[in-house]
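Now for the letters of each chain:
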Amino acid sequence: MTHDIHPVILCGGSGTRLWPLSRQSYPKQFVPLLGDETLFQASARRVSEADFAPPVIVTGSDFRFVATQQLMSAGIDPGAVLIEPEGRDTGPAVLAATLGIAADDPEAIVLITPSDHRIADPDAFRGLVRAALPTARSGRIVTFGIRPTRAETGYGWLEADTPADGEPVPLRRFVEKPDAARAAEMLAEGHFLWNAGIFLARADVLIAAFEAHAADLVAPVRAAVSAAQPDLGFLRLDPGPWAELRKVSLDYAVMESADNLSVMPFAGAWSDLGGWEAVWSESDRDSDDVASEGPVMAIDCHRSLLRAESPRQSLVAIGLDDMIAVAMPDAVLVAPRGRAQDVKAAVERLKADGAAQATTLPIDHRPWGWFESLIVGNRFQVKRIHVRPGAALSLQSHHHRSEHWIVVEGTAKVTVDDEVKLVTENQSVYIPLGAVHRMENPGKVPMVLIEVQTGSYLGEDDIVRLEDVYARG
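Residues numbered from 1 in each chain as written. Predicted model: local features only at pLDDT ≥ 70, side-chain atom pairs only at ≥ 80, totals over all residues. Heavy atoms only, no water.

Chemist: Break down the UniProt feature "domain: Mannose-6-phosphate isomerase type II C-terminal" (unreviewed entry) in the protein for me, citing the residues and quoting the values.
Modeler: Here, UniProt's "domain: Mannose-6-phosphate isomerase type II C-terminal" (unreviewed entry) annotation points to residues 365-468. Across residues 365-468, the secondary structure splits into 0% helix and 60% strand, with the terminal C-alpha atoms separated by 16 Å. (UniProt positions renumbered as here; feature names shortened; annotations may be inferred. Helix = DSSP H or I, 4+ residues; strand = E, 2+ residues; numbered from the N terminus.)

Chemist: Tell me what's going on with the layout of surface pockets, and back it up with residues and numbers.
Modeler: Unoccupied space between atoms shows up once a probe the size of one water molecule is rolled over them. Within this model, the second largest pocket holds a volume of roughly 1,000 Å³. Secondary structure elements with two or more residues in the lining of the second largest pocket: α2 (64-73), β16 (305-308), β20 (363-366), β21 (369-377) and β22 (380-387). Tallying contributions element by element places α2 first for the lining of the second largest pocket, with 6 residues. Looking at the lining of the second largest pocket, its residues break down into 15 nonpolar, 11 polar and 9 charged. (1 Å grid on protein atoms, 1.4 Å probe; cavity = no way out; pocket = protein on both sides within 12 Å on 5 of 7 lines; lining within 4 Å. Points joined across faces, edges and corners; volume = space filled by probe spheres on them. Nonpolar A, V, L, I, M, F, W, Y, C, P; charged D, E, K, R; others polar.)

Chemist: Let's hear about the packing of helix α7 (residues 203-213) against helix α8 (residues 215-226): which residues, and what values?
Modeler: Interhelical geometry of α7 versus α8 gives an angle of 125° and a closest axis separation of 5 Å. As the angle between them shows, α7 and α8 are arranged oblique. Contact residues: α7 offers I207, F210, E211 and H213, while α8 offers A215, L217, V218 and R222. Grouping the constituent residues of the contact of α7 with α8 by class yields 5 nonpolar, 1 polar and 2 charged. (Axes fitted to C-alpha atoms, helices over the stretch in contact; angles between N-to-C directions. Parallel < 35°, antiparallel > 145°, perpendicular 65-115°, else oblique. Contact = heavy atoms within 4.5 Å.)

Chemist: Explain empty space enclosed by the protein to me, and be specific about the residues and the numbers.
Modeler: By the definition in use, this model includes 1 cavity of 30 Å³ or more. In this structure, the largest cavity occupies an estimated 190 Å³ of space. Together, 21 residues line the largest cavity, and W368, L393, Q396, E460 and I463 are the ones closest to its centre. Elements supplying a minimum of two residues to the lining of the largest cavity: β22, β24 (401-409), β28 (437-440) and β29 (447-455). Classifying every residue of the lining of the largest cavity gives 7 nonpolar, 5 polar and 9 charged.

Chemist: Describe the packing of aromatic side chains, listing the residues and the values that go with them.
Modeler: Scanning all chains against the criterion turns up 11 aromatic pairs. Between Y155 and W194 the ring centres are 5.0 Å apart and the planes differ by 75°, which places this aromatic pair in the edge-to-face class. Of this pair, Y155 sits in the loop between β6 (141-146) and β7 (157-160) while W194 sits in strand β9 (residues 192-202), and the two are 39 residues apart along the sequence. An aromatic cluster of at least three residues, connected via ring pairs, comprises Y26, F30, F40 and F63. Its end group placed over the ring of W280, R285 keeps NZ or CZ at 4.2 Å from the ring centre. Positioned over the ring face of W280 is R337, at 3.6 Å from the centre of the ring. (Phe/Tyr/Trp six-rings, centres within 6.5 Å; stacked < 30°, edge-to-face > 60°. Lys NZ or Arg CZ within 6 Å of the ring centre and 35° of its normal.)

Pasting the structure below:
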């Protein structure tokens, strides 16, 4: 079956402005910010109709299993999943994906889209993409501009040649994030649009744009794609040439210099959810303009965002006006809505102080499921471990700790040295220090166990992996 459009979904960002919910270890695109579906799942569903090819996913090694598991949960089969050896921003990522698509069809139409934006009307967006196809086929690069509804200083803008209405028009220039006065002027002038960072073009046209405006990227990316290695259904780009690449966005590398750009206006609701103020704006709110999520009680509050992310918490807010309060088990954010963009600076302060909360969630997602630390003390730690049906942890040993496992849901298949046995609910097993061991879930429902670690050192780097179905080092 031939497809008109080949989507490329970029999902390697960190989203620190939505801390503490979004962190480097599990960024905002994989978090259900608005409803039960994650932004990544919604982005993939938006480009999953008959005339769209299976999406090419570009992500980092840490998120490869998260991405494929979330697509599977959404009932979406991806095309290639490209693994970047290290983040190099969107420029090299887009070029790598485009080279892969061009290998099969140099004139294939490529749709470049982020994974962390919200578009309320996906049908309208798809219709707009289809309407832009003739312009893209003619050799133009089409970007999609959002009709502005306010004098926004947090977005880049696009200047169109003329006020666009339903069809692509030539793009005059990109405009950096403006100050408030300039944003108000552009809003009034009528031919400026917000830059959504979404592009549609033929693969050969995109590659030619890189050759013309960012030629230093082309050879290393070609080499990284040519020498890419299959890895459990993923395609791991070669790290040698990839390390030579400079870190540069697609806009800076190519688009701001290209002379064959057109812009298609989109009048539908759109947000890049770049901060908590944007989340509040996009959320369902009560009669007092309070957006709440989780176990929250609001008393005499107005125009505020209140979220409690653990069922074991109760967030009680009294008399808050224009505030953000986000409670996680290990960190709490409280800030005026007008200071939402300062969250990124707070994360940098936490990093400088060496706080684990700056980058790591209390729940650690792994290919087989997840775990969370319940109690950490001197020489002991208690974890809850959740293993998906059919999944297995690595065959491993530890130098510094022993472990006690108590199954509380499902059945575990446990290996300890030469012994393999099934451990059911309310049963336990002891793993001596240095023993070679593994746990698996042979059932069709999740398996949950409580792990009690004891020893002189309890860090996650005290793991010697002997076998691993997920091919981790």
